Amino acid sequence: MTEVVGIRFKKAGKVYYFDPDGMKIEEGMKAVVETARGIEYGSVVKGNTMVRDEEVFQPLKKVMRIGTEEDEKQCEADRAKEKEAFAICEEKIAKHGLDMKLVDVEMTFDHNKLIFYFTSDGRVDFRELVKELASVFRTRIELRQIGVRDEAKMLNGIGICGRCLCCSTFLGDFHPVSIKMAKEQNLSLNPTKISGICGRLMCCLKYEEDVYEELNKKLPKVGDVISTPDGTGEILSVNVLMQNVKAAVKKKENDPPTIGFYNVNEIKVVKAKKTKPKTENIDDELLDLDLDD
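Residues numbered from 1 in each chain as written. Predicted model: local features only at pLDDT ≥ 70, side-chain atom pairs only at ≥ 80, totals over all residues. Heavy atoms only, no water.

Residues I93, M100, L114, F116, L129, L133 and L143 are the most contacted members of the largest nonpolar core, which totals 16 residues. Where this core is concerned, the elements lending two or more residues are α1 (69-96), β6 (101-107), β7 (113-119), α2 (127-137) and β8 (140-145). Those residues in contact with F116 that sit more than four places away from it in its chain are A85, C89, L102, D104, V105, L133, F137, I141, E142, L143 and R144. Y212, L215, L219 and I267 belong to the second-largest nonpolar core, a separate cluster that totals 12 residues. (Core = buried A, V, L, I, M, F, W, Y, C linked by side-chain atoms within 4.5 Å. Buried < 20%, exposed > 50% of the residue type's maximum accessible area, 1.4 Å probe, protein only. Helix = DSSP H or I, 4+ residues; strand = E, 2+ residues; numbered from the N terminus. Contact = heavy atoms within 4.5 Å.)

What follows is about the sheet that holds β7. One open sheet holds the 3 strands; their spatial order is β6-β7-β8, and the pairing between them is mixed. One side of each edge strand has no neighbouring strand; the edge strands of this open sheet are β6 and β8. Sheet twist, expressed as the mean angle between neighbouring strand axes with direction ignored, is 20 degrees. Across 6 bridges, the pairing between β7 and β8 is parallel. In the strand pairing of β8, K113 is matched with R140. Sitting on the sheet, α1 touches β6 and β7, and the angle it makes with β6 is about 145 degrees. Running over the sheet, α2 touches β7 and β8 and is turned about 140 degrees from β8. (Pairing = 2+ DSSP bridges. Axes fitted to C-alpha atoms, helices over the stretch in contact; angles between N-to-C directions.)

This part covers the sheet that holds strand β1 (residues 2-8). Taken in spatial order, the 5 strands make up an open sheet running β2-β1-β4-β3-β5, and their pairing is antiparallel. Single-partner strands in this sheet number two, and they are β2 (15-18) and β5 (63-66). Strand after strand, the sheet turns through a mean of 45 degrees between neighbouring axes, direction not considered. Across 6 bridges, the pairing between β1 and strand β4 (residues 38-51) is antiparallel. Residue pairing for β4: G6 is matched across the bridge by K46. Lying over the sheet, α1 contacts β3 (30-35), β4 and β5, oriented at roughly 130 degrees with respect to β4.

Further remarks concern the packing of α1 against α2. Two numbers describe how α1 lies on α2: the axes approach to 10 Å, and their chain directions differ by 145 degrees. By crossing handedness, the relation of α1 to α2 is classed as right-handed. Of α2, the residues touching α1 (which contributes A85, I88, C89, K92, I93, K95 and H96) are E128, L129, E132, L133, V136 and F137. Of the residues contributing to the contact of α1 with α2, the split by class is 8 nonpolar, 1 polar and 4 charged. (Left-handed = near helix turned anticlockwise from the far one by under 90°. Nonpolar A, V, L, I, M, F, W, Y, C, P; charged D, E, K, R; others polar.)

Residues I226 and T228 of strand β9 (residues 225-228) are buried on one face, while the alternating residues V225 and S227, pointing to the opposite face, are not. Hairpin connection between β9 and strand β10 (residues 231-239): a loop of 2 residues separates the two successive antiparallel strands.

Here it is as structure tokens:
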């Protein structure tokens, strides 16, 4: 077992583990650590805790020190410098006529590097831009091209559900999302209804999928013949979340069918509907969504 602390550098960013180096560090505190990008200042989201050795990459870097008020003031000053750098970079991009959209600027805590995040439909020759930015800011410059999902995470926004984007609020990582998940959740395959503001399939399809898979195991299929407290009938539709079915039931063999709603615990499958294997016919527009950046 290894003692670690979990530190996050962005609101909904990935959690990284560090060696507390004998210090008692609690959740909610700030800490200064060394990363592959340089010295950084982050928020502690997990205090001193023991984890299995295979869960962390050895050797762990040590926490340099606990953050102070001076560090917090410096961090606020850096945010102001980042806004200034953003405006200057946009001017330089327009000057060189580059086909790229600047998304965000990030300065490392030790001021040794400025990172400019941008999106573009293709490759961009930004060598001259880097030279000009380096001459202005007198520090290392890194231009990093990102995908549309990362852009949405950085900029935030309101999803079709009316809430702030999941990726900007609490999702630390992106996971692959597929059309199959939308089908299993009985959602419309209309691209405008199952894609987020980034133009990709909504992330919530992924983290709700496990629940739907578990609930679907308990439900019969549409077309199955079932026995109910009112007689035998055929399933017309199923409600996954409510765990009930809509069926056309006959109390007696010659009676006209009546529509009834039954909980999954009230029914029993008498005869399962035979399903023929069929080829998938998915629009090209949907295939474009079924990607992970």
